[in-house]
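Letter by letter, the chains look like this.
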Amino acid sequence: IIIGASIAAIVVSSYAGVALYARSKVTSLYTEAASAIAQKYPEAQISHKILEQGIFSSKVEVSVRFGCDTNAKEAFKYTDTITHGPLLGSHGFGAMYISSDITLDAATQAKISKIFGNDKALTIGTKIGFGGDATIKLSSPAKTFTDEESKSQVKWAGLEAELNASNPSKIQITGLDFIMPELTVTEADNKGRFSIKEAKATMKSTDTTSALGLGSGEL
């Protein structure tokens, strides 16, 4: 019993130690990312505020502004809920998992809610490994709706995308997989129709210093 309890204590303390290590990297991750974005896009202003920070999870609010002066208007903001590794539940093993929720203005959010209801229009999840590699997954649910202005019928079959990066804080992208199954717009009274039956794109790169290039595309 004593040996078992000692082993359990070691495992728990080791897990807490790794989680604390991942927690210590949260601030530097956002600071480095803001610096990298500012270098590539000087008109983009990224700032963050840590709302909560515990041993196993943190919450960070990020504000995005566009403009070259201090009075630049906020374009949007999002909140990241971070799980500190090493165990990330269904997402496996890694330094941290980040679930991002975008906050839009009330008018835009109202329009999106009419289409997606209680479902998230876009789900964004980022898994970061201890080596600095990251996998970002985006998904959007399938919906069929009527556009209020044109009265057109829209069939949106959803979206699945995965982006890989060797260093997410410095935006070094190494891979992309994107698929949009279908987008069909049928005008009121069937006067016309536009449809993309399927769109795919893939990219793989080992050159992390160059811009994102398309490896292959299919439409």
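Right above here is the structure, for reference.
First, a word on scope: everything that follows refers to the structure included in this document. Because the structure is predicted, anything quoted here is derived from the model rather than measured. (Residues numbered from 1 in each chain as written. Predicted model: local features only at pLDDT ≥ 70, side-chain atom pairs only at ≥ 80, totals over all residues. Heavy atoms only, no water.)

### Structural notes on a nonpolar patch on the surface
- There is a patch of nonpolar side chains on the surface, built from Val18, Tyr21, Leu87, Phe93 and Phe130 and spanning about 480 Å² of accessible area.
- In this fold, phenylalanine 93 is placed in the loop between strand E3 (74-84) and strand E4 (96-103).
- Judged by relative accessible area, which is 53%, phenylalanine 93 ranks as exposed. (Patch = residues over 30% accessible without salt bridge, like charges linked within 9 Å, V, L, I, M, F, W, Y side chains within 5 Å. Areas by Shrake-Rupley, 256 points an atom, 1.4 Å probe, with all protein chains shown as cover. Salt bridge = Lys/Arg side-chain N within 4 Å of Asp/Glu carboxyl O. Helix = DSSP H or I, 4+ residues; strand = E, 2+ residues; numbered from the N terminus. Buried < 20%, exposed > 50% of the residue type's maximum accessible area, 1.4 Å probe, protein only.)

### A closer look at the nonpolar core
- Counting residues in hydrophobic clusters, the biggest one holds twelve residues: Val26, Leu29, Tyr30, Val60, Val62, Val64, Tyr78, Ile82, Met96, Ile98, Ile128 and Ala134.
- Among the elements of the structure, helix H2 (26-40), strand E2 (57-66), E3 and E4 are those that each provide at least two residues to this core.
- Counting seven residues, the second largest nonpolar core, distinct from the first, contains Phe116, Phe145, Val154 and Met180. (Core = buried A, V, L, I, M, F, W, Y, C linked by side-chain atoms within 4.5 Å.)

### Re the side chain of threonine 126
- With respect to the helices, strands and loops of the structure, threonine 126 is situated in strand E5 (residues 123-128).
- Setting aside chain neighbours within four positions, we find threonine 126 in contact with Met96, Tyr97, Ile98, Ala134, Thr135 and Ile136. (Contact = heavy atoms within 4.5 Å.)

### Quick notes on the pattern of salt bridges
- According to the stated counting rule, one finds nine salt bridges in the structure shown.
- A salt bridge links aspartate 101 to lysine 120, with the shortest nitrogen-to-oxygen separation between them at 2.5 Å. Here the residue aspartate 101 occupies a position in strand E4, and lysine 120 occupies one in the loop between helix H3 (106-116) and E5, the gap between them amounting to 19 residues.
- Overall, the relative accessible area of 30% leaves aspartate 101 in the partly exposed class.
- A relative accessible area of 39% means that lysine 120 is categorised as partly exposed.
- A salt bridge links lysine 204 to aspartate 177, with the nearest nitrogen and oxygen atoms 3.4 Å apart. You can see lysine 204 sitting in strand E13 (residues 199-204) and its partner aspartate 177 sitting in strand E10 (residues 172-180), a full 27 residues away along the chain.
- Judged by relative accessible area, aspartate 177 falls into the partly exposed class, the value being 29%.

### Examining the pairing of E13
- Burial along E13 is one-sided: Ala199, Ala201 and Met203 are buried, while Lys200, Thr202 and Lys204, pointing the other way, are not.
- One ladder, built from six bridges, connects E10 with E13; its direction is antiparallel. Counterpart to glycine 175 in the pairing with E13 is lysine 204. (Pairing = 2+ DSSP bridges.)

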